[in-house]
Amino acid sequence: MVRDLINTPANLLGPSELADAASRVALSGGASVQRIAGDALVERYPVLAAVGAGSTRAPVVVRIDWRGSTARDDSPLIALCGKGVVFDTGGYDLKPSAAMLRMKKDMGGAAQVLGVMRLVMELDLPVRLAVWVGCAENSISGAAMRPSDVLRSRHGLSIEVGNTDAEGRLLLCDLLAEASAAAPAMLIDYATLTGAARVALGPDLPALFCNDDTLASRFIAAANAVHDPVWRLPLWPGYASWLDSGVADLNSVASKPMAGAIVAALFLQRFVDAAVPWAHIDVYAWNDGARPGRPEGGEAQAMRAALQLIAECANAPLAERNAAVT
């Protein structure tokens, strides 16, 4: 499912179609679904709305709630957020044509969140899920956001748009703020966020950022247990000042051309309550060539790792759950 979603051409999978797919997966597992668009989206997720304002295909947020059949009111609440940019032109900071060839995969984070959600529901893990899928297209028009625009976020922070091609962090910040306010036991986001993560770690190794050492250790152990690797990079506080702005609370990009994946994660961290254990997964979501078990094209990365982690959080051994499903 994840691979098929990522591989679908952008003309066939716009924001509305991605939202439809999210709704279908949620409803198939008995979840409740809220679809936010139009004026309600602008009010509730103003920065996300700005990301999608340049496209004739309007942005949509899908908000999903689910609980396992044996989950109680005090069962762990797991929050998931996914970046669903169905196509990324770069906006006014236009990508070169060669860099656009794979931009249908820029909704890979959303696809993988749906994959995690589907697995948790099918295994009926004793947890509560709260899921946010942000669906938008980063395009160019007279309505598109511009470099140097200042946006007011849901969190209340003002953001100077330093580069319209750094749209993923803008799309996610409102979702993370709302998810964080729900005080989950853990908050995980997936995003095809930075080329810098790929330069550092290559295509096969997702970058993991955590504000909680215990969560990071558990995530890495879960990833190793199911052979679905991640590699932790630091939320290095010494780089936080690189996001300073003279006209807003922060800029969306750094003042220096280094540590791009770390700086993007530091930006996202500003919208997460420090008391909420948070993991940010910067993924490639693609196989450049075919290998055994890894066909060329869209790929799910760190999805089985998250499932293992959530099962452990719920004290639900996956082997027993898998046997029950089989």
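That block above? That's the structure.
A brief report on the enclosed structure follows. Note that the structure is predicted; figures quoted are calculated from it, not measured.

Conventions we followed
- Residues numbered from 1 in each chain as written.
- Predicted model: local features only at pLDDT ≥ 70, side-chain atom pairs only at ≥ 80, totals over all residues.
- Heavy atoms only, no water.
- Helix = DSSP H or I, 4+ residues; strand = E, 2+ residues; numbered from the N terminus.
- Buried < 20%, exposed > 50% of the residue type's maximum accessible area, 1.4 Å probe, protein only.
- Polar contact = N/O pair within 3.5 Å; in protein donor to acceptor, adjacent residues only side chain to side chain.
- Contact = heavy atoms within 4.5 Å.

Points about the environment of Ser23
So, point 1. By secondary structure assignment, the location of Ser23 is in helix 2 (residues 15-28).
So, point 2. A sequence separation of 192 residues divides Ser23 from Leu215, and the C-alpha atoms of the two residues are 29 Å apart.

Considering helix 11 (residues 303-313)
So, point 1. Burial runs high along helix 11: 9 of the 11 residues are buried.
So, point 2. One or two residues past the end of helix 11 sits Asn315, with phi positive at roughly 55°.

A word on the side chain of Arg198
So, point 1. With respect to the helices and strands, the residue Arg198 is situated in helix 8 (residues 195-201).
So, point 2. For Arg198, the side chain forms a polar contact with the main-chain oxygen of Leu205, separated by 3.2 Å.
So, point 3. When sequence neighbours within four positions are dropped, the list of residues in contact with Arg198 reads Pro203, Leu205, Pro206, Ala207, Asp282, Val283 and Tyr284.

A short note on the environment of Gly293
So, point 1. Structurally, Gly293 is set in the loop between strand 12 (286-287) and strand 13 (297-298).
So, point 2. Between the C-alpha atoms of Gly293 and Ser158, which are 135 residues apart in sequence, the distance is 45 Å.

What to know about unusual backbone geometry
So, point 1. Phi is positive for Ser148, which is not a glycine, with a value near 85°.
So, point 2. Note on placement: Ser148 falls in the loop between strand 4 (128-138) and strand 5 (150-152).
So, point 3. Even without glycine at this site, Ala285 takes up a positive phi of about 60°.
So, point 4. Considering the arrangement of structural elements, one finds Ala285 in the loop between strand 11 (278-282) and strand 12.
So, point 5. For Ala285, a relative accessible area of 0% translates into the label buried.

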